[in-house]
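Observations on chain architecture
Take a look at the letters that make up each chain.
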Amino acid sequence: SLLWERYGATVDVVNLGIPGRTAQQIRDAGLAPYAALARQASRRVLVLAAGINDLRAGRTPVEVYLNLSEHAIAAQAAGWTVVLCTLAPSPDTETTHPGAIAALNALILSEWEGHLADLRTVSEVASDGVHYTAVGHAQAAALVGPVVDAALAA
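Report follows, based on the coordinates.

We now examine the packing of helix H5 (residues 61-77) against helix H7 (residues 100-111). Viewed as axis vectors pointing N to C, H5 and H7 meet at an angle of 40 degrees, and their least axial separation amounts to 9 Å. Overall, the two elements H5 and H7 adopt an arrangement that is oblique. In this structure, the crossing between H5 and H7 has a hand that is right-handed. Facing H5, whose interface residues are Pro61, Val62, Val64, Tyr65 and Leu68, H7 presents Ala100, Ala103, Leu104, Leu107, Ile108 and Glu111. A breakdown of the residues in the contact of H5 with H7 according to their chemical character gives 10 nonpolar, no polar and 1 charged.

Dropping the structure here:
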């Protein structure tokens, strides 16, 4: 909703996020969820932020990065500009899988060559240690928005 507010009527923002979805599930779904949007939009920017659920399920950072990058590369080949996001800290995930978020973020930062939104400084998470608070959402939107602006201008 914060991106909708950022762009108003000048850009259509569609949220295709599904809570609990993993990067592997996103990759396996392919580009079908974007097909109708692709026919309607002259500018197509996909913000891809996923991975915490994969790490919590025990997948390695390398497996998660490969799923994310495979999906992102397929989307780029289909005409989408992709903004890949690093993960914000998650106290819960850090407790159960120490170092996994940092390792995934390191892969994203070193390997991804496209638009990148670095969410590592988002600091406000809810008491569950995973989800953002309203302040956390605002922090993330403030980091993603300028990258989307650049992607739209490209």
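All told, the structure shown has 6 salt bridges when counted by the stated rule. Among the salt bridges present, the one from Asp118 reaches Arg120, with a minimum N-O distance of 2.6 Å. Arg120 gets classed as partly exposed once you look at its relative accessible area, which sits at 43%. Sharing partners across several salt bridges, the network here consists of Arg27, Asp28 and Glu70.

With burial as the criterion, only one face of strand S1 (residues 45-48) is covered, namely that bearing Leu46 and Leu48; the residues Val45 and Val47 on the opposite face remain uncovered. With 4 bridges joining them, S1 and strand S2 (residues 81-85) adopt parallel strand pairing. By the bridge assignment, Val45 is partnered in S2 with Thr81.

Each turn of an α-helix holds 3.6 residues, which means side chains three or four residues apart point in the same direction. Spanning 12 residues, H7 covers 16 Å between terminal C-alpha atoms, matching the ideal 16 Å at 1.5 Å per step. Within H7, the full set of buried residues consists of Ala100, Ile101, Leu104, Asn105 and Ile108. One side of H7 carries all its buried residues, which in axial view fall inside an arc of 130 degrees. Within H7, the exposed residues directed more than 90 degrees away from the buried face are Ala102 and Ser110. Among the structural elements, helix H4 (52-56), H5, S2, helix H6 (91-96) and strand S3 (115-117) are those in contact with the buried residues of H7.

Another point: the sheet that holds S3. Pairing between the strands of a sheet comes from backbone hydrogen bonds, and it takes one of two forms, parallel or antiparallel. Sheet architecture is open: 3 strands sit in the order S1-S2-S3, paired in parallel fashion. For this open sheet the edge positions go to S1 and S3, each flanked by a neighbour on one side alone. For this sheet, the mean angle separating the axes of adjacent strands, direction not counted, is 25 degrees. Pairing analysis gives 3 bridges linking S2 to S3, with the strands arranged parallel. Bridged to Cys85 within S3 is Ala117. Sheet strands in contact with helix H8 (residues 134-153) are S1, S2 and S3, and its direction is about 165 degrees off that of S3.

So, how was this worked out
- Residues numbered from 1 in each chain as written.
- Predicted model: local features only at pLDDT ≥ 70, side-chain atom pairs only at ≥ 80, totals over all residues.
- Heavy atoms only, no water.
- Axes fitted to C-alpha atoms, helices over the stretch in contact; angles between N-to-C directions.
- Helix = DSSP H or I, 4+ residues; strand = E, 2+ residues; numbered from the N terminus.
- Parallel < 35°, antiparallel > 145°, perpendicular 65-115°, else oblique.
- Left-handed = near helix turned anticlockwise from the far one by under 90°.
- Contact = heavy atoms within 4.5 Å.
- Nonpolar A, V, L, I, M, F, W, Y, C, P; charged D, E, K, R; others polar.
- Salt bridge = Lys/Arg side-chain N within 4 Å of Asp/Glu carboxyl O.
- Buried < 20%, exposed > 50% of the residue type's maximum accessible area, 1.4 Å probe, protein only.
- Pairing = 2+ DSSP bridges.
- Expected span 1.5 Å × (residues − 1).
- Arc of directions from axis to C-beta.

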